[in-house]
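Reading the structure
Here's the letter readout for the chains.
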Amino acid sequence: MKPDPTLFVPPAETVGQLTQRIKECLETGFAEVNVIGEISGLTLAASGHCYFTLKDETAALRCVLWRRQATAFARLLAEGHSVEAAGELSVYAPRGDYQLVVRGLKPAGAGLLWQRFLAVKAKLETEGLFDAARKRSLPPRPRRLALITSPAGDAIHDVLRTLHQRAPLIEIVLLPTLVQGAEAPARMVAALALLGESAARLGIEAALLVRGGGSPEDLMAYNDEALARAIAASPVPIVSGVGHEADVTIADLVADVRAPTPTGAAMLVSQGWTELPLELDLLMRRLQRALRERLLTENQRLDRLQLRLTHPAARLGEARRRLEGLHARLTAAQRRTLAESRLRLDALHRRLAAARPTLAGHRARLDAFAQRLPRAARQALEAPHRRLERLEDRLHALDPKAVLERGYALVSDASGQVLTSAAQLAPGQDLRLEFHDGRATAEVVGVEKSD
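I will try to describe carefully the structure that is included in this document.

Rules used in this analysis
- Residues numbered from 1 in each chain as written.
- Predicted model: local features only at pLDDT ≥ 70, side-chain atom pairs only at ≥ 80, totals over all residues.
- Heavy atoms only, no water.
- 1 Å grid on protein atoms, 1.4 Å probe; cavity = no way out; pocket = protein on both sides within 12 Å on 5 of 7 lines; lining within 4 Å.
- Points joined across faces, edges and corners; volume = space filled by probe spheres on them.
- Nonpolar A, V, L, I, M, F, W, Y, C, P; charged D, E, K, R; others polar.
- Helix = DSSP H or I, 4+ residues; strand = E, 2+ residues; numbered from the N terminus.
- Buried < 20%, exposed > 50% of the residue type's maximum accessible area, 1.4 Å probe, protein only.
- Polar contact = N/O pair within 3.5 Å; in protein donor to acceptor, adjacent residues only side chain to side chain.
- Contact = heavy atoms within 4.5 Å.
- Arc of directions from axis to C-beta.
- Patch = residues over 30% accessible without salt bridge, like charges linked within 9 Å, V, L, I, M, F, W, Y side chains within 5 Å.
- Areas by Shrake-Rupley, 256 points an atom, 1.4 Å probe, with all protein chains shown as cover.
- Salt bridge = Lys/Arg side-chain N within 4 Å of Asp/Glu carboxyl O.
- Pairing = 2+ DSSP bridges.
- Axes fitted to C-alpha atoms, helices over the stretch in contact; angles between N-to-C directions.
- Parallel < 35°, antiparallel > 145°, perpendicular 65-115°, else oblique.
- Left-handed = near helix turned anticlockwise from the far one by under 90°.

With that settled, the discussion passes to the layout of surface pockets. The computed volume of the largest pocket comes to approximately 650 Å³. Every residue lining the largest pocket is counted, 28 residues in all, and those nearest its centre are Leu-113, Pro-216, Leu-219, Met-220 and Asn-223. Its residues assigned to classes, the lining of the largest pocket comprises 13 nonpolar, eight polar and seven charged.

Here the focus is the side chain of Glu-88. Structurally, Glu-88 is set in strand β4 (residues 81-92). Taking the relative accessible area as the measure of exposure, Glu-88 reaches 17% and is therefore buried. A distance of 2.6 Å separates a polar atom in the side chain of Glu-88 from a polar atom in the side chain of Arg-103. Setting aside anything within four residues of it in sequence, one finds Glu-88 in contact with Phe-30, Ala-31, Val-33, Gln-99, Leu-100, Val-101 and Arg-103.

With that settled, consider helix α6 (residues 225-232). Buried residues of α6: Leu-227, Ala-228, Ala-230 and Ile-231, and no others. Summarising the axial view, the buried residues of α6 lie within an arc of 160°, below the 170-degree limit, and thus occupy one face. N-cap assignment for α6: the residue whose side-chain oxygen lies 3.0 Å from the backbone N of Ala-226 is Asp-224.

Time to look at the side chain of Thr-53. Along the chain, the position of Thr-53 falls in strand β2 (residues 50-55). Discounting chain neighbours no more than four positions away, the residues touching Thr-53 are Glu-38, Ile-39, Ser-40, Ala-60 and Leu-61.

Let us now look at a nonpolar patch on the surface. Side chains of Met-284, Leu-287 and Leu-291 sit close together on the surface and give an oily, nonpolar patch of about 290 Å² of accessible area. If you trace the backbone, Met-284 turns up in helix α9 (residues 271-329).

A word on the pairing of strand β1 (residues 33-44). Sheet topology note: the β1/β4 ladder contains six bridges and is antiparallel. Within β4, the position partnered with Ile-36 by the bridge is Glu-84. Of the pairings in the sheet, the one linking β1 to β2 comprises five bridges and is antiparallel in character. Note that in β2 the partner of Ile-39 across the bridge is Leu-54. A loop of five residues connects β1 with β2, the two strands running antiparallel in sequence, and Gly-48 in this loop sits at a positive phi of about 100°.

Packing of helix α5 (residues 184-202) against α6 brings their axes to within 9 Å, and their N-to-C directions diverge by 15°. By the criterion of interaxial angle, the relationship of α5 to α6 is roughly parallel. As for the relative orientation of α5 and α6, their crossing is left-handed in sense. Here Met-188, Val-189 and Leu-192 of α5 come into contact with α6, specifically with Ala-226, Leu-227, Ala-230 and Ile-231. Partitioned by chemical class, the residues of the contact of α5 with α6 number seven nonpolar, no polar and no charged.

Note that all results are geometric; they support no functional claim without further evidence.
Here you go:
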């Protein structure tokens, strides 16, 4: 016959009654304990009481130091310190948590996590992974970034919101990973390896390695040596934004740029985009100033050209007025003398025209006589002519106009002085150019001297 299970059911009790019984059992069975662990999550309340957690690699124990003990052991209370705490276990009924009420505290050497952090830090620092000379600058205005973080955390929302507000043109490639726990370092190393394989193909210019705040134990994954080496080997600059500003991890020390928070990392990579309107405004002001200066220069040049054009016209009008004045001052006798001289000149022209046939006959007889001369005599007579022709050719070659006909020009300044060297030129100088068939004016815009 099976026993009736209802006979073994204990009487019902409230949560408070059960918690009280557990509290009495703990306080009776663990009235005095000594426990060694590493301080984490240290908090000093306004009341003066101190709360923290003692941790090792496998478990955690909440602890409380009342105000008097907290004051006495203040020098031992620091994150990462390993201590030996003496006290008794108790239950905090409102939360149902058990805790160690610490009565005594003494150092137990450096904490295990802290020792590991210092060992990895010293090793990588010796290898030069923290050197500023090794680290790269961020691109001024990146178009595509990689984001290495948990898709379920708050950090991804902070980064995306900040980038959308400050630089909406930036594209984000998410490389999801764990950010906490024993598997997190290997997952982040794998994400960085994927970044190395695809950065060039996808056009990724930088990467953000971010997560939100937490206790030192929560951030342990970012103190991993393999992760630090993967960050150093990244083909693009890495910006770390892990935890809060007070949190410093190995990843922060190796990264090319360290930001205090995930939001700070997003602000750093988007800074160039937010400064772009200011740069464009500065360039616009420079362009406007250059245009005003150029306009002023061209107006001055136009004024000079206008003066040069109006000055000859004024001189010509003055010369015309002088000529008219001279013509008006001629007396009647001078006009008669001028008319008589013109008549005599016409008579001389008529006599010359009448003498031309006679001169032609003399020239024909001279040519016939030359034909009858012996060859040697003709050659003797022709030699002076040939020398004369050669001299004429040489004189023609030395004639400046003949030189100008070959494509050269004679350059002089406004005073008429001939210029023979580029050293005599200066920008804005007025020049006169003389060609074989006319003249021109010019202005020097620039001078280039040959080596």
